[in-house]
Amino acid sequence: MKTVAVYPGTFDPITNGHVDLIKRAASIYPKVIVLVAADTRKECMFTMDERVNMVREGVDKLCPNVQVEPFQGLLVEIVKKYGAKIILRGLRAVSDFEYESQMALMNRRLEKGIETFFMISSEEYAYLSSSFVKEIAGLGGDVSTMVPAGVDKELRKRFFKV
Ligand code: COA
């Protein structure tokens, strides 16, 4: 049976840091499912469809073993539905650790057989976040090296109607 790993997140929007992690994961696991969350504590700028499409555009051609799906509800339930036992999360800095370890422990408490595996970000993306990208793009800054081309285009449309 193929090992399936899921990579959940809000992806509002996907950045090159996420893409880098997905590519690295896809070179290890036979199948990676990127799960785009509907319910989070965050208020998203992009709709679910927009976020899913941007993730698909950003990774589809790069990795044939990556599938991108929206999800709603408890993560562990969706992970089980896809027959997976591995949740992947990225760690950029020590500051990510507290939130990530809480989430990993809570998910394991909810479902014993599911493990969270952490991947350290590549150095060039260690300071990147979706919020920074939105802030910089909204103020007219150049984010073209931080996000896939489709996301750059969407951000310009959103903020400057071009
Ligand atoms: N490169 C660049 N940025 C990265 C990154 C990387 N490798 N890894 C994370 N980030 C950034 C994201 O851009 C994001 O930045 P932002 O805060 O500015 O938006 C931040 O780190 C974390 O975002 P993300 O990875 O999308 O995670 P999240 O915290 O938004 O998502 C869910 C959390 C969706 C996984 C979680 O809320 C969930 O599982 N929800 C479902 C409901 C559930 O089961 N809840 C119980 C959980 S115990």
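See above for the structure.
Residues numbered from 1 in each chain as written. Predicted model: local features only at pLDDT ≥ 70, side-chain atom pairs only at ≥ 80, totals over all residues. Heavy atoms only, no water.

S.K.: Would you mind showing me how to read the environment of Val-147 here?
M.R.: Checked against the element boundaries, Val-147 lands in the loop between helix 5 (130–138) and helix 6 (149–160). Each residue touching Val-147, except ones within four places of it in the same chain, is listed here: Ile-14, Thr-15, Asn-16, Val-133 and Asp-152. (Helix = DSSP H or I, 4+ residues; strand = E, 2+ residues; numbered from the N terminus. Contact = heavy atoms within 4.5 Å.)

S.K.: Hey, could you run me through the environment of Gln-67 in this one?
M.R.: Position of Gln-67 relative to the elements: it lies in strand 3 (residues 66–71). Through-space distance from the C-alpha of Gln-67 to that of Val-6 is 9.4 Å; in sequence the pair is 61 residues apart. With sequence-adjacent residues up to four places away left out, Gln-67 is seen in contact with Lys-31, Val-32, Ile-33, Val-34 and Tyr-82. A distance of 3.0 Å separates a polar atom in the side chain of Gln-67 from a polar atom in the side chain of Glu-69. (Polar contact = N/O pair within 3.5 Å; in protein donor to acceptor, adjacent residues only side chain to side chain.)

S.K.: What is the right way to look at the sheet that holds strand 4 (residues 86–91) in this model?
M.R.: Think of a sheet as strands paired side by side through backbone hydrogen bonds, with each pair either parallel or antiparallel. Taken together, five strands build an open sheet; the order of strands is 3-2-1-4-5 and the sheet is parallel. Only two strands of the sheet have a single neighbouring strand rather than two, namely strand 3 and strand 5 (115–120). Ignoring strand direction, the axes of neighbouring strands in this sheet form an average angle of 30°. Direction of pairing for strand 4 relative to strand 5: parallel, over a ladder of six bridges. Considered in strand 5, the bridge of Ile-86 is made with Glu-115. Contacting strand 1 (4–9), strand 2 (31–37), strand 3, strand 4 and strand 5, helix 1 (residues 16–26) crosses the sheet at an angle of about 115° to strand 5. Along the sheet face, helix 4 (residues 94–110) touches strand 4 and strand 5 and points at about 170° away from the line of strand 4. (Pairing = 2+ DSSP bridges. Axes fitted to C-alpha atoms, helices over the stretch in contact; angles between N-to-C directions.)

S.K.: Where do I start with a nonpolar patch on the surface in this structure?
M.R.: Taken together, the side chains of Leu-74, Met-106 and Leu-110 make up a nonpolar region of the molecular surface, amounting to roughly 290 Å² of accessible area. Within the fold, Met-106 resides in helix 4. (Patch = residues over 30% accessible without salt bridge, like charges linked within 9 Å, V, L, I, M, F, W, Y side chains within 5 Å. Areas by Shrake-Rupley, 256 points an atom, 1.4 Å probe, with all protein chains shown as cover. Salt bridge = Lys/Arg side-chain N within 4 Å of Asp/Glu carboxyl O.)

S.K.: Any chance you could explain the pairing of strand 2 here in plain terms?
M.R.: Walk down a regular strand and you will see the side chains alternate between the two sheet faces. With six of seven residues buried, strand 2 is to be regarded as a mostly interior element. As paired elements, strand 1 and strand 2 share six bridges and run parallel to each other. Its bridge partner being in strand 2, Ala-5 is matched across the sheet by Val-32. Where strand 2 and strand 3 come together, six bridges link them in parallel fashion. Across the sheet, Val-34 pairs through a bridge with Val-68, a residue of strand 3. (Buried < 20%, exposed > 50% of the residue type's maximum accessible area, 1.4 Å probe, protein only.)

S.K.: Quick question: what am I supposed to make of the pattern of salt bridges here?
M.R.: It is possible for side chains of opposite charge to pair when their charged atoms get near one another. Going through the model one piece at a time under the given rule, you end up with 11 salt bridges. Residues Lys-157 and Glu-154 are paired through a salt bridge, measuring 3.2 Å at the closest nitrogen-oxygen approach. Of the two residues, Lys-157 and Glu-154 are both situated in helix 6; the distance of three residues between them amounts to about one turn of the helix. Here the residues in one salt-bridge network are Glu-77, Lys-80 and Glu-111, joined through shared partners.

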